[in-house]
Every structure is written in structure tokens, then in C-alpha cells.
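Descriptive analysis of the structure
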Amino acid sequence: MKTPEHCTGLADIRHAIDSLDQQIIDALGLRMQYVKAASAFKPDQASIAAPERVAAMLPLRRQWAQDVGLDGEFIESLFNQIIHWYIAEQTAFWLQKKSKAV
């Protein structure tokens with residue numbers, strides 16, 4: 001993949017964007033594996049949401065975004081959506097595992 005300044009046309013740009021999008025999706029898939037693995041350490045369904053963890057995570061994601069020149073508010077909102085989706089997925093996974101254990 002060429003760096004942005006070495007791209008010689010839209011084909012190079014589009015190839016790089018597609019490659020980056022694939023990496024983002026791969027990272028989200030790996031993150032999901034960790035989220036599901038975390039369910040083994042959750043004693044009950046109520047512990048899955050971990051609001052104190054979410055409250056600590058979001059400002060940090062905002063700061064990381066700002067550190068690289070992105071809109072921190074947008075990235076914080078995006079991660080809020082991502083995190084809540086993962087919480088829902090982890091809850092479903094936890095309930096599924098619990099029902100199989102009974």
C-alpha cells in the first residue's frame with residue numbers, strides 16, 4: 001500500500017482505503033473475540049455493562065482521536081456506539097453459554 005503522498009491516482013487511493021477498511025474490520029473482529037473471552041470473567045449479567053469502564057474508556061478514545069487530528073467528539077460518539085454493540089453481543093454470548101451450562 002502506498003502512502004498518501006505517493007499515490008498517483010484514485011485507484012491507488014481506493015486500494016489503500018479498501019485495505020485500511022479491511023484492517024479496521026479485522027481489528028473489530030479480534031476485539032469481539034476479546035469481548036467474548038471477557039464474559040468468562042463476568043459473574044453475572046449485570047456485570048457485563050461495566051459502566052465505570054465505559055466512562056473511563058470514552059474520554060481516552062476522544063483524546064487519542066484528538067492526538068492524531070481527528071474530531072474527538074465524533075470518535076467518542078462512534079466508540080459509544082461500538083461499545084454498546086459489543087456489550088449487547090457479550091450479553092447474548094454470556095446468556096448462551098449460561099443456558100448451555102445448565
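Residues numbered from 1 in each chain as written. Predicted model: local features only at pLDDT ≥ 70, side-chain atom pairs only at ≥ 80, totals over all residues. Heavy atoms only, no water.

An unreviewed UniProt entry lists the protein chain under the name chorismate mutase, with Pseudomonas cedrina as the source organism.

1. Description of the UniProt feature "domain: Chorismate mutase" (unreviewed entry) in the protein chain
UniProt records the feature "domain: Chorismate mutase" (unreviewed entry) at residues 4-94, using the numbering of this structure. With 76% helix and 0% strand, the stretch residues 4-94 has end C-alpha atoms that lie 43 Å from each other. (UniProt positions renumbered as here; feature names shortened; annotations may be inferred. Helix = DSSP H or I, 4+ residues; strand = E, 2+ residues; numbered from the N terminus.)

2. So, helix α2 (residues 51-67)
Along its 17 residues, α2 runs 25 Å from first to last C-alpha, staying within 8% of the 24 Å computed at 1.5 Å per residue. Along α2, the residues that are buried comprise Val54, Met57, Leu58, Arg61 and Ala65. An end-on view of α2 places all buried positions within 105 degrees of arc, on one side of the element. Seen from the buried face of α2, the exposed residues on the opposite side, beyond 90 degrees, are Glu52, Ala55 and Asp67. Along its buried surface, α2 packs onto α1 (10-38) and α3 (72-101). Two residues or fewer after α2 comes glycine 69, characterised by a positive phi angle close to 85 degrees. (Expected span 1.5 Å × (residues − 1). Buried < 20%, exposed > 50% of the residue type's maximum accessible area, 1.4 Å probe, protein only. Arc of directions from axis to C-beta. Contact = heavy atoms within 4.5 Å.)

3. Focus on the side chain of serine 39
One can find serine 39 in the loop between α1 and α2. Looking at serine 39, the relative accessible area reads 3%, which means it is buried. Among the polar contacts listed, one links the side chain of serine 39 to the backbone oxygen of lysine 36, at a separation of 2.5 Å. (Polar contact = N/O pair within 3.5 Å; in protein donor to acceptor, adjacent residues only side chain to side chain.)

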